Amino acid sequence: PQAEGGFDQFTRSYRTFGVQRLPDNCLVFKEWAPAAEALFLTGDFNDWNKFANPYTKKEFGKWELILPAKYDKSPAVTHKTKLKVVVHTKEGERLYRISPWAKYVTKDDKSVIYDWVHWDPPQPYIQIHPRPKKPLSLRTYEAHVGIASPDATIASYTNFTKNVLPRIKDLGYNCIQLMAIMEHAYYASFGYQITSYFAASSRYGTPDELKQLIDVAHSMGIIVLLDVVHSHASKNTEDGLNRFDGSDSCFFHSPPRGEHKLWDSRLFNYSSWEVLRFLLSNLRWWMEEYRFDGFRFDGVTSMLYHHHGIGATFSGDYSEYFGLQVDEDSLVYLMLANHILHTLYPDCITVAEDVSGMPALCRAVEEGGLGFDYRLAMAIPDKWIQILKELKDEDWSMGNIVYTLTNRRYGEKCIAYAESHDQALVGDKTLAFWLMDKEMYTNMSSIVPMTPVVDRGIQLHKMIRLITHGLGGEGYLNFMGNEFGHPEWLDFPRVGNNQSYHYARRQYNLLDMDHLRYSQLYAFDRDMNRTEDKYGWLAAPPAFVSAKHEEDKVIVFDRANVLFIFNFHPSKSFQSYRVAVEVPGKYKIKLDSDERPYGGHGRLDHNTEFFSEAQPFNGRPNSMQVNILNLALLTPSKVTFC
């Protein structure tokens with residue numbers, strides 16, 4: 001990239017493409033449209049004259065237009081006025097397009113298509129809080145701004161800042177993964193069919209309100225990751241990237257390679273210089289302009305293979321990862337993106353959504369890896385759903401649970417989760433709903449005794465989360481609302497449900513009703529995160545599992561000097577049960593899912609002290625005897641106690 005002034009300038013091409021206002025208020029418009037015959041700019045500023053302002057053709061398919069300042073020295077195009085690029089094709093078509101570099105696009109209620117709106121506020125929001133340090137233990141709250149209120153409407157950035165950020169802070173999460181921020185014309189796509197890559201979605205508010213959200217999160221010590229979609233693009237032409245210059249390629253491969261059959265979307269040509277400029281600059285834009293702290297890369301499996309993972313089963317055999325089926329252009333793009341991000345922003349965090357288990361995905365580029373910090377442990381939620389769907393309690397396999405939670409490549413960090421947005425979507429059910437189903441509508445009051453279904457559901461909801469948190473990875477993720485057992489599923493307004501917002505919301509109001517048990521699950525999730533914050537098991541080496549007893553349905557492991565004991569038996573408690581420990585000394589209960597504030601039965605005495613004996617057991621030099629009910633979490637006495 002020496003021709004571009006080095007990779008720093010090349011990856012900040014948002015400073016030269018799209019619209020730029022110079023110090024004298026002259027405006028420079030620049031686009032890449034290699035197949036176009038001619039380009040014109042039209043809009044409110046010239047009364048929508050289609051031919052008054054032609055672009056000049058430059059080399060390599062670039063086009064440029066300079067609009068001098070008006071006689072009063074103000075810019076020719078003013079803040080919040082509408083624009084369009086008029087593209088004339090070699091075939092004689094006249095197309096109306098939005099600049100791929102547009103920073104703000106809006107849609108009128110009656111309209112189907114988005115409008116490009118010039119965004120150049122006289123007093124832009126200035127972020128004042130520094131980025132927090134990169135956390136050692138990543139506890140991520142996956143969130144969608146639009147559904148972040150109990151109201152049947154599209155919630156705003158400001159609502160999120162005022163009402164949701166304080167809850168996330170209280171719950172002990174130190175990272176937010178924001179979904180559906182990059183502009184997408186179709187709300188029900190959950191933000192995964194992007195139309196404008198540089199525009200923060202206007203349906204929730206203005207760019208300044210998003211900047212404020214991130215600034216306030218930073219003031220709370222919370223980092224914010226953007227869910228970035230560079231794996232594919234919406235097929236929309238009038239308000240998307242598709243056929244921008246009239247050709248079937250431009251930013252994409254020509255069909256069939258440039259089309260994703262399952263997603264009905266377009267696929268980028270990662271070997272193109274201008275596509276690299278666009279996508280790498282897009283990453284820099286969100287880091288620089290909005291001060292995000294990193295990215296969760298969507299659809300990495302689809303990028304890595306020519307087959308896009310469609311119909312592929314991954315057994316872990318190396319031949320699946322190293323062969324002609326691997327898309328080397330995409331692979332190199334991801335290495336390049338990670339290299340640039342981590343070089344320019346040493347604290348930047350990148351997470352890969354990959355179901356295939358590609359080796360070295362989370363190793364440094366210098367080692368020949370792809371350079372991600374974490375991958376999502378996507379097999380774990382599938383396993384929990386499968387267990388709840390198919391097995392009776394007495395048929396649960398402790399060995400199978402432990403295997404799924406520990407089956408990851410050594411030295412590659414995973415983010416474990418019991419459920420994410422995928423499991424909440426219509427057609428599936430959240431864990432709480434699998435566990436308690438229709439009883440969640442009638443039997444969640446804490447004033448009356450729990451029914452057997454609710455009792456089992458509440459205890460397992462906590463246990464599944466804690467064992468996933470403790471054993472499943474080097475980071476943890478929760479989808480908004482699931483921490484308190486949000487009832488029902490998630491469904492965006494669409495034709496099939498009469499455009500209803502009833503299921504496109506999160507009922508945080510349930511927490512404010514003290515007589516409901518949702519607040520008990522919330523309290524456990526909060527204290528689970530706070531306990532991890534104190535002892536740091538996510539940042540510790542993987543756990544040592546000393547017991548996975550099939551008959552007793554007991555799992556015991558230690559990690560970061562914390563002893564975890566789980567009893568999944570549907571009916572049995574155990575007295576004087578011997579468990580293995582590494583560190584000798586005195587142990588006390590630190591987190592107990594059976595405590596009454598968490599919807600438990602309060603059967604364990606927290607004043608009890610447990611002393612280890614030098615009696616080797618299950619691969620550890622020491623052991624002790626404990627009484628176990630639903631589950632307990634113990635720490636050695638050399639850790640400071642509250």
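Predicted model only: the values in this text are computed from it and were never measured.

Now for the overall build of the protein chain. Scanning the protein chain from N- to C-terminus turns up 13 helices and 29 strands. The C-alpha atoms of the protein chain give a radius of gyration of 27 Å, which matches the 26 Å a tight globule of 642 residues would have. Once the C-alpha set of the protein chain is aligned to its principal axes, its extents read approximately 85 × 50 × 45 Å. Each of the 642 residues in the protein chain was classed as buried or not, and the buried ones make up 60%. Here the analysis covers contacts within the protein chain between residues at least 6 apart in sequence; of these, 71% occur between residues at least 24 apart. Here the protein chain has roughly 25,300 Å² of accessible surface; of this, 52% comes from carbon and sulfur atoms. Between the mean site of the 69 positive side-chain charges and the mean site of the 79 negative ones, the protein chain shows a separation of 2 Å.

As a further point, take the pattern of salt bridges. Evaluation of the coordinates by the stated rule reveals 42 salt bridges. Between Glu259 and Lys261 there is a salt bridge, and its shortest N-O distance comes to 3.9 Å. With a relative accessible area of 62%, Lys261 lands in the exposed category. As a salt-bridge pair, Arg578 and Glu613 come within 3.4 Å of each other at their nearest N and O atoms. With a gap of 35 residues between them, Arg578 in strand E25 (residues 574–581) and Glu613 in the loop between strand E27 (610–611) and strand E28 (622–628) connect regions that are remote in the sequence. Assessed through its relative accessible area of 34%, Glu613 is described here as partly exposed. By sharing partners, the salt bridges in this structure join Glu4, Lys62, Glu274 and Arg277 into a single network.

Strand order in the closed barrel formed by eight strands is E10-E11-E14-E17-E18-E19-E20-E21, with parallel pairing between adjacent strands. Put simply, the sheet's adjacent strands are angled 30 degrees from each other on average, direction ignored. Here strand E14 (residues 223–228) runs beside strand E17 (residues 294–297); their pairing, made up of four bridges, is parallel. Each residue of the ladder has a partner; that of Leu225, found in E17, is Gly294. Where helix H6 (residues 328–344) meets the sheet, it contacts E17 and strand E18 (349–352), and its direction lies at approximately 165 degrees from that of E17. Contacts from helix H12 (residues 452–471) reach strand E10 (138–144), strand E20 (414–416) and strand E21 (475–479), with the element oriented near 150 degrees to E21.

Right, let's talk about the packing of aromatic side chains for a bit. Taken as a whole, this structure holds 44 aromatic pairs when the rule is applied. With 5.4 Å between their ring centres and 80 degrees between their planes, Tyr157 and Tyr204 make a pair best called edge-to-face. With Tyr157 in helix H2 (residues 157–171) and Tyr204 in the loop between strand E13 (196–200) and helix H3 (207–219), this residue pair connects regions lying 47 residues apart in the sequence. Its end group placed over the ring of Tyr290, Lys211 keeps NZ or CZ at 5.5 Å from the ring centre.

Glancing now at the pairing of strand E24 (residues 562–567). The buried count for E24 comes to six of six residues, which makes it a mostly enclosed element. A two-sided burial pattern is seen for E24, the buried positions comprising Val562, Phe564 and Phe566 on one face and Leu563, Ile565 and Asn567 on the other. In sequence, strand E23 (residues 554–559) turns back onto E24 through a hairpin of two residues, with Ala560 there showing a positive phi of about 55 degrees.

There is a patch of nonpolar side chains on the surface, built from Leu262, Trp263 and Ile310 and spanning about 290 Å² of accessible area. For Leu262, the position within the fold is in the loop between strand E15 (259–260) and strand E16 (265–266).

Moving on: the UniProt feature "active site" (unreviewed entry) in the protein chain. Annotation from UniProt places "active site" (unreviewed entry) at Asp298 and Glu353. The annotated residues occupy 56 residues of the chain but converge on a single region, no pair of C-alpha atoms lying more than 5.5 Å apart. Asp298 gets classed as buried once you look at its relative accessible area, which sits at 8%. Once you skip the residues sitting within four places of it in the chain, Asp298 turns out to touch Tyr192, Asp227, Val228, Val229, Ser231, His232, Met303 and Glu353. With respect to the helices and strands, the residue Glu353 is situated in the loop between E18 and strand E19 (374–376). What makes Glu353 buried here is its relative accessible area of 12%. With residues near it in sequence (within four places) discarded, Glu353 still touches Arg296, Phe297, Asp298, Gly299, Val300, Thr301, Leu376 and Met378.

Right, let's get into the pairing of strand E7 (residues 94–97). Alternating residues of E7 divide into Leu95 and Arg97, all buried, and Arg94 and Tyr96, none buried. In this structure, strand E6 (residues 82–89) lies alongside E7, joined through four bridges in antiparallel fashion. By the bridge assignment, His88 is partnered in E7 with Arg94. With antiparallel pairing between neighbouring strands as the criterion, E6 and E7 make up a hairpin whose turn holds four residues, including Gly92 at a positive phi of roughly 90 degrees.

Right, let's get into the side chain of Asp527. Along the polypeptide, Asp527 turns up in helix H13 (residues 518–535). A residue is classified by how much of its surface remains accessible, and Asp527, at 17% relative accessible area, is buried. Within the structure, the side chain of Asp527 is placed 2.5 Å from the side chain of Tyr598, a separation counted as a polar contact. If we skip the residues at most four places from it in the chain, Asp527 touches Leu591 and Tyr598.

This part covers H12. For H12, built from 20 residues, the straight-helix expectation of 28 Å at 1.5 Å per residue is met to within 8% by its first-to-last C-alpha distance of 28 Å. Most of H12 is tucked away, with 16 of its 20 residues classed as buried.

Rules used throughout
- Residues numbered from 1 in each chain as written.
- Predicted model: local features only at pLDDT ≥ 70, side-chain atom pairs only at ≥ 80, totals over all residues.
- Heavy atoms only, no water.
- Helix = DSSP H or I, 4+ residues; strand = E, 2+ residues; numbered from the N terminus.
- Rg over C-alpha atoms; globule rule 2.2 N^0.38 Å.
- Buried < 20%, exposed > 50% of the residue type's maximum accessible area, 1.4 Å probe, protein only.
- Contact = heavy atoms within 4.5 Å.
- Areas by Shrake-Rupley, 256 points an atom, 1.4 Å probe, with all protein chains shown as cover.
- Lys, Arg positive; Asp, Glu negative; His and termini not counted.
- Charge placed at Lys NZ, Arg CZ, Asp CG, Glu CD.
- Salt bridge = Lys/Arg side-chain N within 4 Å of Asp/Glu carboxyl O.
- Pairing = 2+ DSSP bridges.
- Axes fitted to C-alpha atoms, helices over the stretch in contact; angles between N-to-C directions.
- Phe/Tyr/Trp six-rings, centres within 6.5 Å; stacked < 30°, edge-to-face > 60°.
- Lys NZ or Arg CZ within 6 Å of the ring centre and 35° of its normal.
- Patch = residues over 30% accessible without salt bridge, like charges linked within 9 Å, V, L, I, M, F, W, Y side chains within 5 Å.
- UniProt positions renumbered as here; feature names shortened; annotations may be inferred.
- Polar contact = N/O pair within 3.5 Å; in protein donor to acceptor, adjacent residues only side chain to side chain.
- Expected span 1.5 Å × (residues − 1).

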